[in-house]
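Close look at the chain arrangement
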Amino acid sequence: MSPLATTIILSSLATGTIITASSYHWMMAWIGLEMNTLAIIPIISQEHHPRATEAATKYFLTQATASALILFSSSLNAWKTGTWDITQMTNPAANTLLIAALALKLGLAPMHFWLPEVLQGATMKTALIISTWQKLAPMALMFLTVNNLSTTILLTTGTASALIGGWAGLNQTQTRKIMAYSSIAHLGWMVTIATTLTNMMTTALTMYLLMTTTMFSALILSKSKTIQNTATSWTMSPTLIIMMTLALLSLGGLPPLSGFLPKWLILEELITQNFIPTAITIAMSSLLSLFFYLRLTYTAALTTSPNTIQTKHKWRLKPNTSSITLSLTIPMTTMMLPLSPLIMN
């Protein structure tokens, strides 16, 4: 893809998200989502490969369906109430449709099936964009409308996503699919807390974006597409493997790493609000996620694969990819727990 085309597409991608996040009229929000979707399609399909074309088609169909549901939901609300204001979603049927649309946009259970398949068909960098930037616009809409949405449906969707994200990830060997199920589980946590404390949802989203960016950057640098690939990554950079291990443990939510912060605060708030069964269920589901993070950690850091003399000295070679993103995100992924008093106040 030419530099001009890349610039136009990435600018459209950013503009679409910003328009959606900053609008209060449903039509403007919908236009932003459409711009965003149309910009990401060429990025997914730029690899001339059947898997990339399939991933782009699946992504287009699911996002187009979600956009149509958002338009239908907002039209229904405007018909019943006479307003297109995003914050005035008072019609119950329109709200239920909106939850379905946002679940489809984000890849929340039970509408999560497209996400692992699309990530597997895309390149690592594209998978990073889909897992991080593409979540911002739907989460902004959820943030604006959450006061009117059904608490029961949101809690059920969130709990189901946390469970499925942990359960389905156990059987995966491809790192992109593991990251997809990790994304589903983390979004489940965010949606669960959205009903009671929106600023905690924002904190969890920020931490998720940082941890996912770190993890994908490490996978891109080590060229690890499967669990098996991670076993030989230490020959390229032992330091990178230490960073990847810390990022994985942070994603799993282990103290004293940053990933523990949102999980701790979310569980605390759910128990305060007396959502005890939900708190127990999502806490147990995080153990499932932790298992496959630990499995990746084990293969990357604690196993020595059979190597020739040449591969043992790969770390002497200068890497041809930039590690600036990893350098910026790894401190925040590992050392933000001491900032928890600032966030809690």
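Residues numbered from 1 in each chain as written. Predicted model: local features only at pLDDT ≥ 70, side-chain atom pairs only at ≥ 80, totals over all residues. Heavy atoms only, no water.

Identification of the chain as NADH-ubiquinone oxidoreductase chain 2 from Enyalioides laticeps is taken from an unreviewed UniProt entry. UniProt's Function (unreviewed entry) comment on the chain is quoted here verbatim: "Core subunit of the mitochondrial membrane respiratory chain NADH dehydrogenase (Complex I) which catalyzes electron transfer from NADH through the respiratory chain, using ubiquinone as an electron acceptor. Essential for the catalytic activity and assembly of complex I." Heading Sequence similarities (unreviewed entry) of the UniProt record for the chain holds this comment: "Belongs to the complex I subunit 2 family." (UniProt positions renumbered as here; feature names shortened; annotations may be inferred.)

1. Focus: the pattern of salt bridges
Across all of its chains, the model carries three salt bridges by this definition. In this structure, the salt-bridge partner of Glu117 is Lys58, at a minimum N-O distance of 3.9 Å. Residue Glu117 is found in helix α5 (residues 114-121), and its partner Lys58 is found in helix α3 (residues 50-81); the two are separated by 59 residues along the sequence. By relative accessible area, Glu117 is classed as partly exposed at 29%. Judged by its relative accessible area of 29%, Lys58 is partly exposed. A salt bridge links Glu117 to Lys177; the shortest N-O distance between them is 3.4 Å. Linking Glu117 in helix α5 with Lys177 in helix α9 (residues 175-194), this pair joins segments that are 60 residues apart in sequence. (Salt bridge = Lys/Arg side-chain N within 4 Å of Asp/Glu carboxyl O. Helix = DSSP H or I, 4+ residues; strand = E, 2+ residues; numbered from the N terminus. Buried < 20%, exposed > 50% of the residue type's maximum accessible area, 1.4 Å probe, protein only.)

2. With respect to the packing of aromatic side chains
The tally for this structure, following the rule as stated, stands at three aromatic pairs. Both rings, one in Tyr59 and one in Trp114, keep their centres 5.6 Å apart while their planes meet at 70°; by these two values the pair is edge-to-face. Pair noted here: Tyr59 is in helix α3 and Trp114 is in helix α5, with a separation of 55 residues, a long-range link. Residues Phe260 and Trp264 carry aromatic rings whose centres are separated by 5.7 Å and whose planes lie at 10° to one another, so their mutual orientation is stacked. (Phe/Tyr/Trp six-rings, centres within 6.5 Å; stacked < 30°, edge-to-face > 60°.)

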